[in-house]
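# Close look at the chain arrangement
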Amino acid sequence: MERRFLAVDIGASSGRHIVGWLEDGELKTKEVYRFPNGVTERDGRLTWDMDALLSHVKAGIGKALDEFGALDSFSIDTWGCDYVLLRGEEEVRPCHAYRDGRTEAVIPAVHDKVPFEELYAHTGCQFQPFNTVYQLCADRLAGRLDGVTDFLMVPEYLLWKLTGVRAKEYTNATTTGLVNARTGAFDLELAVRLGLPAHLFPRLSPPGTAVGEYRGVKAVLCATHDTASAVEGILAVADAAVSPTRSAGRLGRSAAPALPTRSFDLAGAPQLYISSGTWSLLGVKTPKPLTDAASMAANWSNEGGVGYNRYQKNIMGMWMVNRLRDELCPGKPFPEIVAEAEGSAFEGTVDANAPCFLAPDSMKGAFEVALDVKPETVGDYFRCACRSLALSYRDAIRELEENTGKTYERLYIVGGGAKNGFLNRLTEEATSKKVVALPIEATALGNLKIQMEAVSPQD
């Protein structure tokens, strides 16, 4: 009997349930459920609708069981940084979204207690105003931590609601800015210095850990930070593609390459990657964190992988493209938008990582303020956005190669941005790297890969 596994992959704008199984040595996949997601405004704050998320997760699991009859396991991955506070069994609502600006006032106070240089030396986590460490400190000042017994990152919270088991998973914890880069455990020294209760930071669980059951299906921790799972998916596909003894298979939602049976060789095939979604996460797999002064100055992050470190940087990503579409041409198909961008001769660019593009009231207006020469057509705006992203990738790769002391030939791109041939071409031109666009559900593949390795046939 074929063993079947369910990946629940939730991003900032949508979620999907994908069932995977091995057939003749090839990983087959089928999407059984998809649902929308997005931030909601509550009392002037950006929040996540956790009740709706949980309802969709349950509905998708039910759909998978209805269609396949039985599943060997399931797991959930989401974005990082955000969490739900608990007082015993009571939830402290709302669950704030990372794009909310509530941490701005507290960041200077955090750095007064622990200068950023020390934070980085301890954790190797890049500065982002929404890092969990700043969110928790904002909660402490607002009194939201009073009586709190636990906090669960979003995928951990959803798994707890389904199984009753609380577990803190390593890869997602590394997005908090509170995990020690050398020990791989929560850094209690930092927590105490920042006035955060030490009991909130227990032992971390690695990917592959079983955490109970829901409707008779075993729940497993994948790499619950979606980028960590995406890198597992990228490496699996890249490894299969470069191995002459392993068929690469067909890419797409219906099939994917056979999963590798060995770990990805750090000295072998190039492994630069971009997970291109709302954010573009650009990085490389390294054997250990890099927390030197150059990495800190360039704001590189070290986050957990499955037995390795992810040396990567957040770049604004398709967020700015999608917001421009919402304002300028809502509903217009992306192929038409790309065609207009290709036909434009606009030469202006912006700093894609500038704070003004993080959560503007008007993305179009943010572009116009940042540019000396204003775009005139829809194509001008999108050409500007794509060229700006490509140049930010170029600059980041130059930093990465200097900091790691290595040169890479290939750049693997997955996620929604992998389907944008214009952006991929601009990226190849800007970076002088061979761009390999993989229009696959890399995060779901990585999620499934970890489950398949964790659950034995006898389970």
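Note: the structure precedes this text.
### Regarding the overall build of the chain
On a plain count of helices and strands, the chain comes out with 15 helices and 19 strands. Since a compact globule built from 459 residues should have a radius of gyration of about 23 Å, the 21 Å found for the chain is in line with a globular shape. Across the 459 residues that make up the chain, the buried fraction comes to 59%. Long-range pairs, those at least 24 residues apart, make up 71% of the contacts in the chain with a sequence separation of at least 6. For the chain, the computed accessible surface area is about 17,800 Å², with 50% contributed by carbon and sulfur atoms. Averaging the positions of the 49 positive and the 59 negative side-chain charges in the chain gives two centres separated by 2 Å.

### What about the packing of aromatic side chains?
Think of a pair of aromatic rings as described by two things: how far the centres are apart, and how the planes are tilted against each other in angle. Taken as a whole and assessed by the stated rule, the structure comprises 15 aromatic pairs. Plain terms: the ring middles of tryptophan 48 and tyrosine 98 are 6.4 Å apart, the flat faces sit at 45° to each other, and that makes the pair tilted. Of this pair, tryptophan 48 sits in strand β5 (residues 45-48) while tyrosine 98 sits in the loop between β9 (95-96) and α2 (107-113), and the two are 50 residues apart along the sequence. No difference in accessibility class separates tryptophan 48 from tyrosine 98, as the two residues are buried.

### Some details on the side chain of threonine 132
Position of threonine 132 relative to the elements: it lies in helix α4 (residues 132-141). In contact with threonine 132, not counting residues within four places along its chain, are Cys81, Tyr83, Phe151, Met153, Thr175 and Thr176.

### Examining the layout of surface pockets
For the second largest pocket, the calculated volume is near 320 Å³. In this structure, the second largest pocket is lined by 17 residues; those nearest its centre are Leu46, Arg99, Asp100, Gly101 and Ala359. For the lining of the second largest pocket, the residue count by class is 9 nonpolar, 2 polar and 6 charged.

Cut-off values and rules
Throughout, a residue's number is its position along its own chain's written sequence, starting from 1. At least 70 in pLDDT is required for a residue's local features to be given in this predicted model, at least 80 for side-chain atom pairs to be given and counted, and no such filter applies to totals for whole chains, interfaces and linings, which use all residues. Where side-chain values are given, they derive from all heavy atoms of the structure, hydrogens and water being excluded. To qualify as a helix, a DSSP run of H or I must reach at least 4 residues; to qualify as a strand, a run of E must reach at least 2; elements of each kind are numbered from the N terminus. In this description the radius of gyration comes from C-alpha coordinates, and the expected globular size is given by 2.2 Å times residues to the power 0.38. Buried, partly exposed and exposed residues are distinguished by accessible area as a fraction of the type maximum, computed with a 1.4 Å probe on protein chains only: under 20%, between the cut-offs, and over 50%, respectively. By the convention used here, residues are in contact when the closest approach between their heavy atoms is within 4.5 Å. With residues, only the protein chains shown are counted as cover, and all accessible areas are computed by Shrake-Rupley using a 1.4 Å probe. Two residue types count as positive, namely Lys and Arg, and two as negative, namely Asp and Glu; His and chain ends fall outside the count. Where a charge sits is defined by one atom per residue type, namely NZ (Lys), CZ (Arg), CG (Asp) or CD (Glu). For Phe, Tyr and Trp, where Trp contributes only its six-membered ring, two rings pair if their centres lie within 6.5 Å, and the inter-plane angle classes them as stacked under 30 degrees, edge-to-face over 60, or tilted in between. Only protein atoms enter the 1 Å grid used here. Points where a 1.4 Å probe fits but cannot escape make up a cavity, open sets with protein on both sides within 12 Å along at least five of seven lines make up a pocket, and a residue lines them when an atom lies within 4 Å of a point. Grid points are joined across faces, edges and corners, and a volume is the space filled by probe spheres set on the points. Throughout, the ten residues Ala, Val, Leu, Ile, Met, Phe, Trp, Tyr, Cys and Pro are labelled nonpolar, Asp, Glu, Lys and Arg are labelled charged, and all others, Gly among them, are labelled polar.

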